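# Breakdown of the fold
One letter stands for each residue in the lines below.
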Amino acid sequence: LYTVGRQLVEPIRTHLDLGGAAARERALALLGEVGIAAPAQRFDHYPHQFSGGMRQRVVIALAIAANPRLIVADEPTTALDVSTQAQIITLLRRLCREHGTAVEINSRPERRDPPTRLLNLALEIGCDFSIDTDAHAPGQLDFLGYGAQRALDAGIPAERIVNTWPVEKLLEWT
């Protein structure tokens, strides 16, 4: 069982090539950035000592720890109460804007993914996003077009969908 701090420090040291003290400082800054009060005191706590909303904030801190261009936010508000859901969405919105990060949305026709509610949420968050197929079988890559069309039908501008960008823009973004 790892403390929240150890869970954050390990990928920071691995992906950002920082030493122990610098990685700890980065982890503390991330905990503060996602709204964990008194990060230095909470650093050595275990996940079970956090509420569901606080654990979700820690996961978001972990997701942005290495400055990614894309976050896979697989149902980030599931099992949270309505007010905590709103806080998490507001947090994701702010972090996407501040970090220039896109969010991934899966596309599966048999589930009518991406659902309109999720597309509206992505539009509301205000960040760019990627349509993924969650492909595990032949032919599932064809779902990209399906997902992109659902996004366009929901009023999402094509320039907000990373997969529709020309190669030059993708390379510039990454």
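Scroll up for the structure.
The shown structure was predicted, so the numbers you read here are calculated from the model rather than taken from an experiment.

### Remarks on the overall build of the protein
If you tally the helices and strands in the protein, you get eight helices and three strands. Over its C-alpha atoms the protein spans a radius of gyration of 17 Å, differing by no more than 12% from the 16 Å that the globule rule assigns to 174 residues. Seen through its principal axes, the protein has C-alpha atoms that stretch 45 × 35 × 30 Å. Per-residue burial for the protein yields a buried fraction of 40% across its 174 residues. Of the contacts made within the protein by residues no fewer than 6 positions apart, 66% connect residues no fewer than 24 positions apart. Surface exposure of the protein reaches about 9,500 Å², of which carbon and sulfur atoms provide 54%.

### Looking at helix α1 (residues 4-16)
Here α1 spans 18 Å end to end across 13 residues, near enough to the 18 Å set by a 1.5 Å rise per residue. Here the buried face of α1 lies against α2 (20-33) and α4 (52-64). Immediately downstream of α1, the backbone of Asp17 shows phi near 55°, a positive value.

### Some points on the environment of Gly5
Along the chain, Gly5 turns up in helix α1. Between the C-alpha atoms of Gly5 and Ala40, which are 35 residues apart in sequence, the distance is 9.1 Å.

### Some remarks on unusual backbone geometry
Positioned with a positive phi, Asp17 is a non-glycine residue whose angle comes to about 55°. Along the chain, the position of Asp17 falls in the loop between α1 and α2. Of note in this structure, Ala38 is not a glycine but carries a positive phi near 50°. Among the secondary structure elements, Ala38 is positioned in the loop between α2 and α3 (39-42).

### A few points about the state of the cysteines
Two cysteines, two sulfur atoms, one covalent bond between them: this is a disulfide. Going through the model one piece at a time under the given rule, you end up with zero disulfides. The thiol sulfur of Cys96 is not disulfide-bonded, and the nearest other cysteine sulfur, from Cys127, lies at 3.2 Å.

### Quick word on the packing of aromatic side chains
Applying the stated criterion across every chain, the model contains one aromatic pair. Centre to centre, the rings of Trp165 and Trp173 are 5.4 Å apart; their planes meet at 90°, and the pair counts as edge-to-face. No difference in accessibility class separates Trp165 from Trp173, as the two residues are buried. Seen from the ring of Phe50, Arg42 lies directly overhead, with NZ or CZ sitting 4.2 Å from the centre. Over the aromatic face of Trp165 sits the side chain of Lys169, whose NZ or CZ is 4.3 Å from the ring centroid.

### Points about the nonpolar core
The biggest cluster of nonpolar side chains holds 31 residues, and the ones touching the most others in it are Leu31, Val34, Ile60 and Ile125. Taken together, the elements giving at least two residues each to this core come down to α1, α2, α4, α5 (82-99) and α6 (116-125). Broken down by element, the residue count for this core peaks at six residues, all from α5. Apart from residues lying up to four places away in sequence, Ile125 is in contact with Ile89, Leu92, Arg93, Cys96 and Arg97.

### Topic: the packing of α1 against α2
Where α1 meets α2, the axes come as close as 9 Å, and the angle between the chain directions of the two elements is 120°. When the axis of α1 is compared with that of α2, the two are oblique. Relative to α2, the crossing made by α1 is right-handed. Between α1, through Val4, Leu8, Val9, Ile12, Arg13 and Leu16, and α2, the contact on the second element is made entirely by Gly20, Ala23, Arg24, Arg26, Ala27, Leu30 and Leu31. Its residues assigned to classes, the contact of α1 with α2 shows nine nonpolar, one polar and three charged.

What counts, and where the lines are drawn
- Residues numbered from 1 in each chain as written.
- Predicted model: local features only at pLDDT ≥ 70, side-chain atom pairs only at ≥ 80, totals over all residues.
- Heavy atoms only, no water.
- Helix = DSSP H or I, 4+ residues; strand = E, 2+ residues; numbered from the N terminus.
- Rg over C-alpha atoms; globule rule 2.2 N^0.38 Å.
- Buried < 20%, exposed > 50% of the residue type's maximum accessible area, 1.4 Å probe, protein only.
- Contact = heavy atoms within 4.5 Å.
- Areas by Shrake-Rupley, 256 points an atom, 1.4 Å probe, with all protein chains shown as cover.
- Expected span 1.5 Å × (residues − 1).
- Disulfide = S-S within 2.5 Å.
- Phe/Tyr/Trp six-rings, centres within 6.5 Å; stacked < 30°, edge-to-face > 60°.
- Lys NZ or Arg CZ within 6 Å of the ring centre and 35° of its normal.
- Core = buried A, V, L, I, M, F, W, Y, C linked by side-chain atoms within 4.5 Å.
- Axes fitted to C-alpha atoms, helices over the stretch in contact; angles between N-to-C directions.
- Parallel < 35°, antiparallel > 145°, perpendicular 65-115°, else oblique.
- Left-handed = near helix turned anticlockwise from the far one by under 90°.
- Nonpolar A, V, L, I, M, F, W, Y, C, P; charged D, E, K, R; others polar.

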